[in-house]
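Coordinate inspection notes
Spelled out, the chains give:
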Number of protein chains: 2
Amino acid sequence: MGNEAYIIKGHLCYSRDADTIEVVENGSLVVENGVCRGVFETVPARYAQLPVHDYGDRLVVPGMTDLHVHAPQFSFRGLGMDLELLEWLNTYTFPEESKYRELSYAERAYGSFADHLLHSTTTRACIFATIHVPATLLLMRKLDALGLCTYVGKVNMNRNSPDYLRETSTRQAIRDTELWLSQLEGLRHTRPILTPRFIPSCTDDLMYALHDLREQYSLPVQSHLSENLGEIAWVRELCPRAKFYGQAYDQFGLFGGDHKCIMAHCVHSDEREQELMLKNGVFIAHSPESNMNLASGVAPVNQFLERGLHVGLATDVAGGSHESMLRAMMHAIQASKLRWRLLDQTVAPLSFERAFYLATMGGGAFFGSVGTFREGWAADAVVLDDANLDHPQDLSVRARLERMTYLADERSIAAKYVEGRKIL
Amino acid sequence: MGNEAYIIKGHLCYSRDADTIEVVENGSLVVENGVCRGVFETVPARYAQLPVHDYGDRLVVPGMTDLHVHAPQFSFRGLGMDLELLEWLNTYTFPEESKYRELSYAERAYGSFADHLLHSTTTRACIFATIHVPATLLLMRKLDALGLCTYVGKVNMNRNSPDYLRETSTRQAIRDTELWLSQLEGLRHTRPILTPRFIPSCTDDLMYALHDLREQYSLPVQSHLSENLGEIAWVRELCPRAKFYGQAYDQFGLFGGDHKCIMAHCVHSDEREQELMLKNGVFIAHSPESNMNLASGVAPVNQFLERGLHVGLATDVAGGSHESMLRAMMHAIQASKLRWRLLDQTVAPLSFERAFYLATMGGGAFFGSVGTFREGWAADAVVLDDANLDHPQDLSVRARLERMTYLADERSIAAKYVEGRKIL
């Protein structure tokens, strides 16, 4: 953490709660030791001597958390959108992920991924790598060098995938995972997360062994849950003892409770599954574009929020086509409107305020006090410049923020801070 | 039309039919007198002397037709996405459109719109202006000067809108419309189209009077149809004689048949309405992003195609947030997947091929032989450069085209031809 103190000046926009965006025009965010000390319209005398990073007419928002993204799939983003999940994995995903056994390929592809992530609104991310230890370490070092705060998982999968992308036994899977965990020294901002791909990819004994590793190393867990109807039916066959998909993870001790846990998608999670996630504090990574592209459906995200579930937003590249969390906000709002119109009028569409909250505070909570400019919270901030988005009329700061959600791209990312460190 | 002959060289991608994209790598498109003379892998001897516009490794696709877009709403694209249609019109749209009574505002705002349209894949468009004659003429001249081929309509509306944006009587509406039509001399690529806003905005006698104008001037017609459930219920009250919304237009003689006609949306068109559109040759402007943003629903576009209806694609700015027809293709595919998943599995999701067809040939048909590189068809072409979209693996031309649909923006538009004229 940077231990210096300074002021970030601009039009500050940040969530107070899920339904309120605070806008402080020409506001000053005081940063000290990597955390926010307060937001001020007029800087108090005690801070008057601090250096000022003055961003003028630009917007300053909290850094965003991408709660679920596959780094090795970035190389085929925007491609192969014509299949549903299980066929899509076999046809596009597994062949591509197998290429990461070659470090030279990983160097090139992960370099591109990390560079795009740097030039996005994302300051924190929870990332799937592949089964390959050297490539996963390479990815972690690249991200660490850029200063982003991430959890990265070497993927575990030892069944129901081609020979060229499968751990050959539980013993080898655990050995590789421990080998990976033994080589993380020197990483400052990148942490490991256990990553069983999903139930169909992991034998029962691998899941139990991962549970033991989780306890031994005090690790969080990430996986996939209730994304697609075919997947859910398959899990029912594979785990006949479990009454629902989430309970299968729970039976293996990999579904939150005494450890942090993210489950991606939860498009079709029923009442029982939602109840268990609530009880266990499981985070839901809502991945709206991916859920559209793979024709999975739309999770009832407002229902999740109203029940008090932890929910964040995710790009899920390459189910999603883009690393932009602004686009993920757009897709979340759009998908929620179609869910409301076409399926279920008991769950209201997402407001802009809630989409912003999900992208910042919702996912940020997985990292602790992250995702807004509250005193004592991490100083993660992104400076947004919409000078290239012409408009003939005066726009409020709130309007400019909404507009950038639909129109901005990496050209609008003018600066970025993580834990007070200026990384862009 | 340019009367010179030349060759456009690059990776040519164009629809043969709704389900087939032809890809000719390093192909040569021969252009003469503004029309395509053929696509060749090897240039025949008779064309060997022609000058070559060599675009190397870039892709060359037919120009796209935006079949429905509101030029005056471009100024608030990406804003005010929290309301459904009728409230949205009153809250955001009508106040903004009223500003175009000031020519200085129109100059600034339409300048921005025209500039964005130029730097997009759009070569043809059917455009709503506002009720204001001078501003509509200004827009038409701007578009004409850029060389785009468009239909532009001065809007008619004389009821159910605020005083500040309403024609005060049928007489005044017709007088203004004739005044507008009398000042189109000198326009080479921009044509007028009658534009009653929609049934709720126009009294019966205005509609009958517009029918007479249409016959007198041999004009095409554009309007809105069956976009939103509240709108449809309102039309039922306003036109009790009509059995369905489309029949109301038809009773006024403004629903195709002996004239060209575009109806935007058709999200909720029932069997009878679809049958009448088929019989009358009405074009449907499918506007998927707008239909998401205003929570209208999703039109069954594959059903339309299979019935033989004329369908094109539209951005419908500012119900849609973006002028990009590539993004409209993305949204069309995504919306169709959610419609299939959430509402109705009898209508399959849109394939990439069909989305491309809709954006090129589907809408192009409104302008004649437009939208593919067939002999005798208009030489409308866009050169796409994806050099800034890095990828670590070799990609086929077909894959690059799909990827650009999700990832490209105006930076990828390297050159543009309309009727053989190079306009960018």
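Preceding this section is the structure that the text describes.
Residues numbered from 1 in each chain as written. Chains lettered and ligands numbered in written order. Predicted model: local features only at pLDDT ≥ 70, side-chain atom pairs only at ≥ 80, totals over all residues. Heavy atoms only, no water.

1. Comments concerning the overall build of chain A
To keep things clear, this is the line we draw: Counting from the N terminus, the helices are the DSSP runs of H or I reaching at least four residues and the strands are the DSSP runs of E reaching at least two. For every residue, the accessible area obtained with a 1.4 Å probe (protein chains only) is divided by the maximum for its type, and the residue is called buried under 20%, exposed over 50%, and partly exposed between those limits. Any pair of residues with heavy atoms lying within 4.5 Å of one another is described as a contacting pair. All accessibility values rest on the Shrake-Rupley procedure with a 1.4 Å probe; residue burial counts only the protein chains present in the view.
Secondary structure assignment for chain A yields 13 helices and 17 strands. Residues classed as buried in chain A amount to 69% of the 424 residues present. Look at the contacts in chain A between residues 6 or more apart in sequence, and 75% of them connect residues 24 or more apart. Total accessible area on chain A is roughly 13,900 Å²; 48% of this is exposed by carbon and sulfur atoms.

2. Points about the sheet that holds strand S9 (residues 190-192) of chain A
Residues and elements named next belong to chain A. Rules: Two strands qualify as a pair provided that DSSP identifies no fewer than 2 bridges between them. Simply put, an axis is a line fit to the C-alpha atoms, just over the touching stretch for a helix, and the angle between two N-to-C directions goes from 0 to 180 degrees.
The 4 strands lie next to each other as S5-S6-S7-S9, forming an open sheet whose pairing is parallel. Where the open sheet ends on each side, the last strands, each with one partner, are strand S5 (64-70) and S9. Within this sheet the neighbouring strands show an average axis-to-axis angle of 20 degrees, counted without direction. Pairing geometry for S5 and strand S6 (residues 122-128), over 5 bridges, is parallel. Bridging across to S6, Met 64 finds its partner in Thr 122. Relative to the sheet, helix H3 (residues 133-146) contacts S6, strand S7 (149-153) and S9, its axis offset from that of S7 by approximately 175 degrees.

3. Examining the nonpolar core
Here is the rule: Throughout this description, the term nonpolar core refers to a set of buried Ala, Val, Leu, Ile, Met, Phe, Trp, Tyr and Cys residues connected via side-chain atoms within 4.5 Å.
By size, the foremost hydrophobic cluster in this structure holds 240 residues, and its most contacted members are Ile 127 of chain A together with Ile 127 of chain B. The contact partners of Ile 127 of chain A, leaving out residues within four places of it in the chain, are Val 69, Ala 71, Phe 113, Leu 117, Leu 139, Leu 143, Thr 150, Tyr 151, Val 152, Gly 153 and Gln 222 of chain A.

4. Things to note about the relation of the copies chain B and chain A
Heads up, the rule is: When the copies are superposed, the least-squares fit draws on C-alpha atoms of residues that have pLDDT of at least 70 in both.
Superposing chain B onto chain A requires a rotation of 180 degrees together with a translation of 0.0 Å along the rotation axis, leaving an RMSD of 0.0 Å. Both copies of the chain, as the preceding transformation shows, are related through a two-fold rotation axis. Counting the interface residues of chain B, we find that 100% of their copies in chain A are interface residues as well, pointing to one common contact surface.

5. A closer look at the packing of H3 of chain A against helix H4 (residues 170-181) of chain A
All names here are of chain A. Defined as follows: These descriptions rest on fixed angle ranges, namely under 35 degrees for roughly parallel, over 145 for roughly antiparallel, 65 to 115 for roughly perpendicular, and the rest for oblique. Left-handed describes a crossing whose near helix is turned anticlockwise from the far helix by less than a right angle; the clockwise case is right-handed. Under this grouping Gly is polar, as are all residues other than the nonpolar Ala, Val, Leu, Ile, Met, Phe, Trp, Tyr, Cys and Pro and the charged Asp, Glu, Lys and Arg.
H4 packs onto H3 with a crossing angle of 30 degrees between their chain directions and a minimal axis gap of 10 Å. By the criterion of interaxial angle, the relationship of H3 to H4 is roughly parallel. Of the two elements, H3 crosses H4, and the hand of that crossing is right-handed. In this structure, H3 contributes Val 133, Thr 136, Leu 137 and Met 140 to the contact, and H4 contributes Asp 176, Leu 179 and Trp 180. Split by residue class, the contact of H3 with H4 holds 5 nonpolar, 1 polar and 1 charged.

6. Things to note about the pattern of salt bridges
Selection rule: Salt-bridge detection follows one rule: a side-chain nitrogen of Lys or Arg within 4 Å of a carboxyl oxygen of Asp or Glu.
Within the structure shown, the criterion is met by 56 salt bridges over all chains. We note a salt bridge from Glu 215 of chain A to Arg 214 of chain A, for which the minimum N-O separation is 3.9 Å. Given the relative accessible area of 4%, Arg 214 of chain A is considered buried. Residue Asp 163 of chain B is joined to Arg 166 of chain B by a salt bridge in which the shortest nitrogen-to-oxygen separation is 2.8 Å. Under the relative-accessibility criterion, Asp 163 of chain B is labelled exposed at 64%. Taken together, the shared-partner salt bridges in this structure form one network comprising Asp 409, Glu 410 and Arg 411 of chain A together with Asp 409, Glu 410 and Arg 411 of chain B.

7. Quick word on the pairing of strand S15 (residues 381-384) of chain A
Residues and elements named next belong to chain A. Side chains of S15 alternate between two faces, with Ala 381 and Val 383 and Val 382 and Leu 384 buried alike. Strand direction decides the pairing type here: strand S4 (residues 52-62) and S15, joined by 4 bridges, are antiparallel. Residue pairing for S15: Pro 62 is matched across the bridge by Ala 381. In the sheet, S15 pairs with strand S16 (residues 413-418) via 4 bridges, with the strands oriented antiparallel.

8. Quick look at the layout of surface pockets
Note the cut-off: A cavity, in this analysis, means grid points on a 1 Å lattice covering only the protein atoms where a 1.4 Å probe fits yet has no way out; a pocket is instead an open set bounded by protein on both sides within 12 Å along at least five of seven lines, and a residue lines either one if it has an atom within 4 Å of a point. Grid points are joined across faces, edges and corners, and a volume is the space filled by probe spheres set on the points.
Quantified by volume, the largest pocket comes out at close to 600 Å³. Every residue lining the largest pocket is counted, 33 residues in all, and those nearest its centre are Asp 409, Glu 410 and Arg 411 of chain A together with Asp 409 and Arg 411 of chain B. Counting residues per element, the ones that place at least two in the lining of the largest pocket are helix H2 (103-118) and helix H13 (397-407) of chain A together with helix H13 (397-407) of chain B. Partitioning the lining of the largest pocket into residue classes produces 9 nonpolar, 10 polar and 14 charged. Computed from the structure, the second largest pocket encloses a volume of approximately 430 Å³. Taken together, 28 residues line the second largest pocket, and the ones lying closest to its centre are Gly 80, Met 81, Asp 82, Leu 83 and Tyr 92 of chain A. The element contributing the most residues to the lining of the second largest pocket is helix H1 (residues 85-98) of chain A, with 5 residues.

9. Here's the deal with the interface of chain B and chain A
Taken together, the contact pairs 50 residues of chain B with 50 residues of chain A. The closest approach of N and O atoms between Glu 84 of chain B and Arg 341 of chain A, which form a salt bridge, is 2.9 Å. Breaking the side of chain B that touches chain A down by element, the ones donating at least two residues are helix H2 (103-118), helix H9 (288-293), helix H11 (325-342) and H13 of chain B. The element that contributes the greatest number of residues to the side of chain B that touches chain A is H11 of chain B, accounting for 11 residues. In the side of chain B that touches chain A, the residues fall into 20 nonpolar, 14 polar and 16 charged.

10. Focus: the side chain of Ser 98 of chain B
All names here are of chain B. Along the chain, Ser 98 falls in helix H1 (residues 85-98). Relative accessible area serves as the criterion here: at 9%, Ser 98 is assigned to the buried category. In contact with Ser 98, other than residues within four places in its own chain, are His 132, Tyr 164 and Leu 165.

11. Some words on H2 of chain B
Residue and element names in this part refer to chain B. Selection rule: The span you would expect from a helix comes to 1.5 Å times its residue count less one.
The terminal C-alpha atoms of H2 lie 21 Å apart, and with 16 residues this matches the ideal 22 Å at 1.5 Å per residue to within 8%. Residues of H2 that are buried include every one of Tyr 105, Ala 106, Ala 109, Tyr 110, Ser 112, Phe 113, Ala 114, His 116, Leu 117 and Leu 118, and no others. Those residues of H2 that are buried are in contact with strand S5 (64-70), H1, strand S6 (122-128), helix H3 (133-146) and strand S16 (413-418).

12. A few points about the environment of Asn 388 of chain B
Residue and element names in this part refer to chain B. If you trace the backbone, Asn 388 turns up in the loop between strand S15 (381-384) and H13. Along the backbone, Asn 388 and Leu 67 are 321 residues apart, and their C-alpha atoms lie at a distance of 29 Å. Ignoring sequence-local partners within four residues, the contact set of Asn 388 consists of Arg 411 and Ser 412.

13. Observations regarding the sheet that holds strand S13 (residues 283-286) of chain B
Residue and element names in this part refer to chain B. If you walk across this open sheet you meet the 4 strands as S11-S12-S13-S14, and the pairing is parallel. Each having just a single partner strand, strand S11 (221-225) and strand S14 (310-313) make up the two edges of the open sheet. Neighbour-to-neighbour, the strand axes of the sheet open up by a mean angle of 30 degrees, direction not taken into account. Across 4 bridges, S13 lies against S14 in parallel orientation. In the sheet register, Ile 284 faces S14, and the bridge partner there is Val 311.

14. Looking at the environment of Ala 45 of chain B
In this fold, Ala 45 of chain B is placed in the loop between strand S3 (35-40) and strand S4 (52-62). Residues Ala 45 of chain B and Thr 168 of chain B, spaced 123 residues apart in sequence, show a C-alpha to C-alpha distance of 64 Å.

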